[in-house]
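A closer look at the structure
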Amino acid sequence: SKRAASSASHTTPKNSGVFPDPQSVSEAVSFHLQTHFCPTDSVESRAGLNTIPSLSEDDWPYVRSAWRFLKECLNELDNRDLAYSTLSTCPFGSFPALPTLDVHYCSQLRLLARENMILSLLKSAAELEQFARESEYQCANLIQLMRPTFELYSLVPPSLPTPVPLTAYPLDFQAPEAACPPWGQKVMEAMNRVAAMSSVDSGGSSGGIHQDTEGSLTAESSETVLLRRLTKFAVAKDAVSLVVQAFQRQADEEQSARMGRKNIQVMDRLAKMQAHKRSSIITVRDSYGSNPTVTSAADNFHSQAKQLVSNALGDEAAIQAFFTEADQVPLLSCGILAGGSTGTCYITAHQILFVTKVIPLVWSGRRWLFSIRDIELEVAPPSGSVLNPLPAGLVVRETNEEGDFVDNDGRLEPFSFVPSIAAHRLKSFVQVLKAVATENPDSLKFSQKGGLLYMFEEKESIARTAMMGSAAETET
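Every chain is numbered on its own, with residues counted from 1 as its sequence reads. Restriction of local features to residues with pLDDT of at least 70 applies here, the model being predicted, together with a cutoff of 80 or more for giving and counting side-chain atom pairs; totals for whole chains, interfaces and linings are based on all residues. Only hydrogens and water are removed before side-chain values are computed, so all heavy atoms of the structure are retained for them.

Things to note about the overall build of the chain
- A tally of helices and strands in the chain yields 13 helices and 7 strands.
- The classification of residues rests on relative accessible area computed with a 1.4 Å probe and restricted to protein chains. Under 20% of the type maximum is buried, over 50% is exposed, and intermediate values are partly exposed. Within the chain, the fraction of its 476 residues that count as buried is 30%.
- In what follows, residue pairs with any heavy atoms lying within 4.5 Å of each other are defined as contacts. In the chain, of all internal contacts separated by at least 6 residues, the share reaching a separation of at least 24 is 58%.
- Carbon together with sulfur atoms contributes 56% to the accessible area of the chain, which is approximately 30700 Å² in total. Only DSSP runs of H or I with at least four residues qualify as helices, and only runs of E with at least two residues qualify as strands; both kinds are numbered from the N terminus onward. Residue burial considers only the protein chains on display, and all accessible areas are found by Shrake-Rupley using a 1.4 Å probe.

Here it is, written out as structure tokens:
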């Protein structure tokens, strides 16, 4: 019996009313629960009452799922030497609670706002990147299709522009945490507003709660306490909303600055690709007169095109509405199949000429001439039989000045053909020529903040053409 009493004295905390340290309190509470445990109703069956989930056998899944949060709350209460009942008796903003949001919660709100900003930034940047990739694909297609042309004319193609990383462009942004640590100016203002709201609300609701002779709350006082708790919940929600909005405004400023830098990079890449396309076309065009092969090809195209226009409009109208030989240097030629006849397609910077042979061994055929500005190419689905399949073809549709298709009341069928190269690649090539022929000369004068500015100047080529024209007039 002495040994049992001795062991009991070691396991049972003495309830003297004074505890020397927090561990003694924990041991006393643990012993009391183990000896006087009585399960309560579930929080689901007693909604709205102060039921402790840990004392119900049905509520253990809620405690387990929320244990990480509960553990942090219990540790915070222990560090501040507060009882668990203060969670309900000391609402948000009232002493001894903090007058505003705590540091850990603010850091989590900041991470959440920044994560949402990064996701939105990546989505918007991907949409901008799509435009640059399409332009770079068109430029790569132009380079590959014009490579045989440069080799035929013995010309050196222009060099590709050097890629510039995103970090090389200026970023007009300063982190708000660096300007006003630790959260930024807008967040600090929001937290000060929360603290001011808490102090005013605490001062206005400092009235005491009346108790009856037995020390219990009256019905009127209980209703007052409930209203105060609901009000404090609304205050806490408004406080969190203020801080979250402040973090979002700071994140929006950063996103706007980074999107501006990305836009400068994309516009610079688009302008460089467009300048390279123009440079490739003008390099071949300006070789007329100095390169015999280029001159002979341009003269041949000019004579055939001029004959077609003369037959349709007359000699005087053809002279007024026609291009010079320097503007009719063939940039690309490929074989075609049109109406059961084979032929050749010649493409210059402004026109497309189709020549087909009716009888292959005898020079007799038909020719069609179109202006690149006045047509649109449509990819036709593949045709032919199973044993003799044909690849996809192209349909030439004429357009007006507004870009709408011209309706000829069904009198003439649109010209269609099957090219020897891929149809979508030839269509992309013609679209590049049309964009270069119809572009605004001031479109390459770009931003002053590191973007493209006068990257490609055509002054030298214009001056060289003018000198050649004046020399020709002097000789005549």
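From this point, the discussion proceeds with the structure in view.
Quick notes on a nonpolar patch on the surface
- Here a patch means residues that are over 30% exposed by relative accessible area and free of salt bridges, tied together within 9 Å if like-charged and within 5 Å if nonpolar (Val, Leu, Ile, Met, Phe, Trp, Tyr). A pairing counts as a salt bridge when a side-chain nitrogen of Lys or Arg comes within 4 Å of a carboxyl oxygen of Asp or Glu. Together, F19, V25, V29 and L33 give the surface a local cluster of nonpolar side chains, amounting to about 310 Å² of exposed area.
- By secondary structure assignment, the location of V25 is in helix α2 (residues 22–36).

A look at the packing of aromatic side chains
- Any two of the Phe, Tyr and Trp rings considered here, Trp counted by its six-membered ring, make a pair once their centres fall within 6.5 Å; the pair's planes then place it as stacked at under 30 degrees, edge-to-face at over 60, or tilted in between. Taken as a whole and judged by the stated rule, the model has 7 aromatic pairs.
- Each ring, one from F354 and one from F415, has its centre 4.7 Å from the other, and the planes form 45°; the classification is tilted. Residue F354 is found in strand β3 (residues 351–357), and its partner F415 is found in strand β7 (residues 415–419); the two are separated by 61 residues along the sequence. Like F354, the residue F415 is buried in the burial classification.
- A centroid spacing of 4.7 Å and a plane angle of 35° characterise the contact between W368 and F415, whose relative ring orientation is tilted. One end of the pair, W368, is in strand β4 (residues 365–371); the other, F415, is in strand β7, and 47 residues separate them in sequence.
- Taking relative accessible area as the criterion, F415 reaches 11% and is therefore assigned buried.

Observations regarding the packing of helix α6 (residues 103–153) against helix α12 (residues 423–438)
- Relative to each other, α6 and α12 sit at 105°, their axes nearing to 9 Å. On the basis of the axis angle, α6 is roughly perpendicular to α12. Facing Y137, Q138, N141, L142, Q144, L145 and M146 of α6, the residues of α12 in contact are H424, R425, S428, F429, Q431 and V432.
- Amino acids outside the nonpolar list (Ala, Val, Leu, Ile, Met, Phe, Trp, Tyr, Cys, Pro) and the charged list (Asp, Glu, Lys, Arg) are all regarded as polar, and Gly is one of them. Considering only residue class, the contact of α6 with α12 consists of 6 nonpolar, 6 polar and 1 charged. Angles run from 0 to 180 degrees between N-to-C directions of axes, and those axes are lines fitted to C-alpha atoms, restricted for helices to the stretch in contact. Note that the term roughly parallel is reserved for angles under 35 degrees, roughly antiparallel for angles over 145, roughly perpendicular for angles of 65 to 115, and oblique for everything else.

What about the nonpolar core?
- Throughout, nonpolar core names a set of buried Ala, Val, Leu, Ile, Met, Phe, Trp, Tyr and Cys residues whose side chains join them through atoms within 4.5 Å. Core analysis: the largest hydrophobic core is formed by 37 residues, its most contacted members being I347, F354, F417 and F429.
- When neighbours within four sequence positions are excluded, F417 is seen to be in contact with I336, L337, A338, F354, G393, L394, V396 and L426.
- By size, the runner-up hydrophobic cluster in this structure holds 16 residues, among which are C106, V194, A246 and F247.

A short note on the pairing of strand β6 (residues 393–398)
- Two elements, strand β5 (residues 375–380) and β6, share 6 bridges in a ladder whose sense is antiparallel. Counted as the bridge partner of E376 is R397 from β6.
- As judged from the 3 bridges shared by β6 and β7, these two strands associate in the antiparallel manner. Residue pairing in the sheet places V395 in a bridge with S416 of β7. Each pair of strands is called paired provided DSSP finds at least two bridges between the two strands.

Focus on α6
- For α6, which comprises 51 residues, the first-to-last C-alpha distance of 71 Å matches the rise-based estimate of 75 Å (1.5 Å per residue) to within 8%.
- Fitting axes to the seven residues ending at a residue and to the seven starting there, one defines the bend at that residue as the angle between these axes. At M146, α6 shows its strongest bend, of approximately 40°, with the proline P148 following within four residues.
- Polar contacts here mean pairs of N or O atoms no more than 3.5 Å apart (in protein, one a potential hydrogen donor and the other a potential acceptor; neighbouring residues in sequence count only if both atoms are side-chain atoms). A distance of 3.2 Å separates the backbone nitrogen of H104 from a side-chain oxygen at the start of α6, and that oxygen is part of D102.
- At the exit of α6 stands S154, carrying a positive phi of roughly 55°. To estimate the expected span of a helix, count its residues, drop one, and scale the result by 1.5 Å.

What about the environment of D286?
- Tracing the chain through its elements places D286 in the loop between α9 (219–285) and α10 (292–313).
- Distance from D286 to A326, taken between C-alpha atoms, is 7.1 Å for residues 40 residues apart in sequence.

A look at the pairing of β3
- Burial of β3 is extensive: 6 of the 7 residues sit out of reach of the surface.
- Alignment of strand β2 (residues 341–347) against β3, held across 5 bridges, turns out to be antiparallel. Among the inter-strand pairings, G343 is bridged to a residue of β3, identified as T356.
- Counting the residues that bridge the hairpin from β2 to β3 gives 3 residues.

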